[in-house]
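# Notes for the structure review
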Amino acid sequence: MKKYFTHPLMDNNITDSDVNSLILFLKKNKKKIFTQSKKVIEFENKWSKWLGIKYSVFVNSGSSANLLTLLALKIIYGTGEVIVPPLTWISDVASVIQNGFKPVFADINPKTLCMDEDEIIKKINSKTKAVFITHVQGFNGLSTKLLNILKQKKIILLEDVCESHGASFNKKKLGTFGLISNFSFYYAHHMSTIEGGMVCTNDKKVYKLIKILRSHGMLRESGDRNYEKKIIKENPKLSPKFIFLYPAYNLRNTEIPAVIGLNQLKRLDKNNILRSNNLKYFLNNLNNNYYRTDFELEGSSNYAFPLVLKKANIKNRNLLEKIMNINNIEFRRGNAGGGNQLRQPYLKKYLKNINFKNFREVDHIHFFGYYIGNYPSLKKKKIIKICKILNNISYE
Ligand SMILES: Cc1ncc(COP(=O)(O)O)c(C=O)c1O
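Since the structure is predicted, the reported quantities are computational estimates derived from the model, not experimental observations.

This paragraph deals with the overall build of the chain. Of regular secondary structure, the chain possesses 12 helices and 12 strands. Its C-alpha radius of gyration of 22 Å places the chain within 12% of the 21 Å reference for a compact globule of 396 residues. For the C-alpha atoms alone, the extent of the chain along its principal axes is close to 75 × 55 × 40 Å. Residues counted as buried form 55% of the 396 residues belonging to the chain. Taking as baseline every contact in the chain between residues at least 6 positions apart, the subset at least 24 positions apart corresponds to 73%. For the chain, the exposed area adds up to about 18,700 Å²; of that, 53% sits on carbon and sulfur atoms. Across the chain, the 64 positively charged side chains and the 31 negatively charged ones have centroids separated by 4 Å.

Let us look at the nonpolar core. Residues Phe282, Tyr291, Leu307, Leu320, Met324 and Leu390 are the most contacted members of the largest nonpolar core, which totals 69 residues. With seven residues, the top contributor of residues to this core is helix α3 (residues 62-77). When residues of this core are sorted by domain, at least three fall in each of domain 1 (16-259) and domain 2 (268-391). Within the second largest apolar cluster, 35 residues are counted, among which are Phe43, Leu150, Ile155 and Cys200.

To continue, consider the pattern of salt bridges. In total, this model carries 14 salt bridges according to the counting rule given. Among the ionic pairs, lysine 315 bridges to glutamate 396, the shortest N-O distance being 3.6 Å. Of this pair, lysine 315 sits in helix α10 (residues 314-326) while glutamate 396 sits in the segment after α12 (380-391), placing them 81 residues apart in sequence. Comparing lysine 315 with glutamate 396 shows no difference in burial state: the two are exposed.

With that settled, the discussion passes to the packing of aromatic side chains. Applying the stated criterion to the full structure yields 18 aromatic pairs. Positioned above the aromatic ring of phenylalanine 356 is the side chain of arginine 343, whose terminal nitrogen or guanidinium carbon lies 3.9 Å from the ring centre.

Think of a sheet as strands paired side by side through backbone hydrogen bonds, with each pair either parallel or antiparallel. The three strands lie next to each other as β10-β12-β11, forming an open sheet whose pairing is antiparallel. Each having just a single partner strand, β10 (304-308) and β11 (331-333) make up the two edges of the open sheet. This sheet shows a mean twist of 25° between the axes of neighbouring strands, independent of strand direction. One ladder, built from three bridges, connects β11 with strand β12 (residues 369-373); its direction is antiparallel. Paired with arginine 333 across the two strands is tyrosine 370, which belongs to β12. Each of β10 and β12 touches helix α9 (residues 255-285); the most contacted strand, β10, lies at about 25° to it.

The domain boundaries assigned to the chain delineate domain 1 (16-259) and domain 2 (268-391). The straight-line distance from the C-alpha centre of domain 1 to that of domain 2 is 26 Å. The interface is formed by 35 residues belonging to domain 1 together with 36 residues belonging to domain 2. When residues of domain 1 are sorted by the area they lose upon contact with domain 2, Lys111, Gln137 and His190 head the list and together hold 21% of the total.

Thresholds, definitions, all that
Residues numbered from 1 in each chain as written. Predicted model: local features only at pLDDT ≥ 70, side-chain atom pairs only at ≥ 80, totals over all residues. Heavy atoms only, no water. Helix = DSSP H or I, 4+ residues; strand = E, 2+ residues; numbered from the N terminus. Rg over C-alpha atoms; globule rule 2.2 N^0.38 Å. Buried < 20%, exposed > 50% of the residue type's maximum accessible area, 1.4 Å probe, protein only. Contact = heavy atoms within 4.5 Å. Areas by Shrake-Rupley, 256 points an atom, 1.4 Å probe, with all protein chains shown as cover. Lys, Arg positive; Asp, Glu negative; His and termini not counted. Charge placed at Lys NZ, Arg CZ, Asp CG, Glu CD. Core = buried A, V, L, I, M, F, W, Y, C linked by side-chain atoms within 4.5 Å. Domains from an automatic or database assignment. Salt bridge = Lys/Arg side-chain N within 4 Å of Asp/Glu carboxyl O. Phe/Tyr/Trp six-rings, centres within 6.5 Å; stacked < 30°, edge-to-face > 60°. Lys NZ or Arg CZ within 6 Å of the ring centre and 35° of its normal. Pairing = 2+ DSSP bridges. Axes fitted to C-alpha atoms, helices over the stretch in contact; angles between N-to-C directions. Buried area = accessible area lost by both parts, 1.4 Å probe.

Have a look at this one:
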């Protein structure tokens, strides 16, 4: 039976208002068209407006957004090395490998949990095609120095913003800096469509390609009539409705999550403020002798509290987990994606002789970092209660 937590990772992310908007849509939709259609387009347009980007493509998950992004990169720019974080979700690394790129890892900055700018710069060489940054748990991973170097060296920036909706750098939303950016709407994120993701870009060529790749590589999905006419003319022996340009996938989403997304988007900014205030309150009340509280909060948009032990001590870690279990506090060890990806079995085949000494920061998070729930309905009284439990632990 499912365990119910006193302090869960997420609470009430799909509200009665979401359910009611869906019921209304289902009842009103006389033609019963629920596959990708008008609501998907409306959600894409409203998301683009919210983000401040030209084009968005709704897909069935954040992982699908990652996969399409690297596939589009390969088709337009060819393969090479892609610098990726060891602290991210598996799909960020998997999409790089699946598309024939070589993943090159850069250790993280403990204050943002994102790749450290100097570590990235050290890994850049003539084969570097792109830097695929993950803005981890609401923190900003960009800096002026990094953006300048990428521009100067003509290296493509890709942004994974799956965990950081609404976060910004220099007052501009994350997800608008790179050639392509990705978002996830999985249940516990800043907003949810149950499952879902978005690929965003300001580049028309990328947009057209992503739409084609989302739907089996099919020409008629491009949305560009002149381009379609040209290809149809070049392929007179093919049915115009069935011209497949690439061996691609079906990663579409449907009208139902789009309706939920449209309703959720209305309260996203308000919820982000509540969560950011919760984070500050949490960090101000945690004992900074035991836990890291010196994160860089400028521009951040949190959705889960980072709880990182200062001391690298396994006994302390076991005690913390025991106390959280006793007190019904749901947690995940390793912060984003279970910690250091370099330690996962799927990578063994691809990486030989990893020197973990070059990945000290991510390893600390791997063994001594956690996240616990931060959701809009979380009250200050409860945050105080959690902090008291965590501060009262008798560590070595
Ligand atoms: C950084 C990051 N990228 C990608 C994903 C994949 O998103 P999804 O779960 O929607 O497939 C996640 C998942 O939570 C994530 O945290």
